[in-house]
Amino acid sequence: MALSREEREQFLSEPHVAALSVDAGDGRAPLTVPVWYQYAPGGDIWIHTGKGSRKHQLIEKAGRFTLMIDRLQPTVRYVSVEGPVISTVPSAREHLVEISARYLPAEKVDGYVEFAEKNHGEAVIITLRPEHWVSSDLGAF
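Residues numbered from 1 in each chain as written. Predicted model: local features only at pLDDT ≥ 70, side-chain atom pairs only at ≥ 80, totals over all residues. Heavy atoms only, no water.

1. Structural notes on the pattern of salt bridges
Per the stated rule, a full pass over the model turns up 9 salt bridges. A salt bridge links arginine 64 to glutamate 131; the nearest nitrogen and oxygen atoms lie 2.4 Å apart. Taken as a pair, arginine 64 in strand E5 (residues 64-71) and glutamate 131 in the loop between strand E7 (123-128) and strand E8 (132-139) lie far apart in primary sequence, 67 residues in all. In this structure glutamate 131 comes out as partly exposed when scored by relative accessible area, which is 42%. Among the ionic pairs, lysine 118 bridges to glutamate 114, the shortest N-O distance being 3.5 Å. Placement of the pair is lysine 118 and glutamate 114 together in helix H4 (residues 106-119), with a separation of 4 residues, close to one helical turn. Residue glutamate 114 is classed as partly exposed on the basis of its relative accessible area, which comes to 44%. Salt bridges sharing partners connect three or more residues here, namely Arg64, Glu82 and Glu131. (Salt bridge = Lys/Arg side-chain N within 4 Å of Asp/Glu carboxyl O. Helix = DSSP H or I, 4+ residues; strand = E, 2+ residues; numbered from the N terminus. Buried < 20%, exposed > 50% of the residue type's maximum accessible area, 1.4 Å probe, protein only.)

2. Structural notes on unusual backbone geometry
In this model, glutamine 73 is joined to proline 74 through a cis peptide bond whose omega is 0°. Counting through the fold element by element, proline 74 comes out in the loop between E5 and strand E6 (76-90).

3. Some points on the nonpolar core
In this structure, Leu20, Tyr37, Ile45, Ile47, Phe65 and Leu67 are the most contacted members of the largest nonpolar core, which totals 27 residues. For this core, the leading source of residues is E7, giving 4 residues. The residues contacting leucine 67, other than those within four sequence positions of it, are Ala18, Ala19, Leu20, Val35, Tyr37, Ile45, Val79, Ser80 and Val81. (Core = buried A, V, L, I, M, F, W, Y, C linked by side-chain atoms within 4.5 Å. Contact = heavy atoms within 4.5 Å.)

Just geometry here; none of it tells us what the structure is for.
Below you can see the structure in the form of structure tokens.
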């Protein structure tokens, strides 16, 4: 059964790991990788990724991407959202703290942020404007 707008936005606002897919060019299947994302109901979605990474380059070239988020418990549910990139900006420490706090226990955030700043290099924030949605709750099996 398809989710209502409120249900899909609420689901997307929960801290699930998304599968990001983006066109990888001629002769290649789409690049599909797991990502952390940030979203608040009614807003745009942003991801944090390495500046110049393959993912960053492909998203820049395609100008759009898809996120697919699912869960198995308490029911099988998914939301897929696709749309255009509306901005790509340099990441600030605040972005890294925000997205880390969404996924990690509070006591792990500072350590992870410190590690990421030292080891991951420059990053960007890529923002997607939700344009097309597919969602369903298949119930409990």
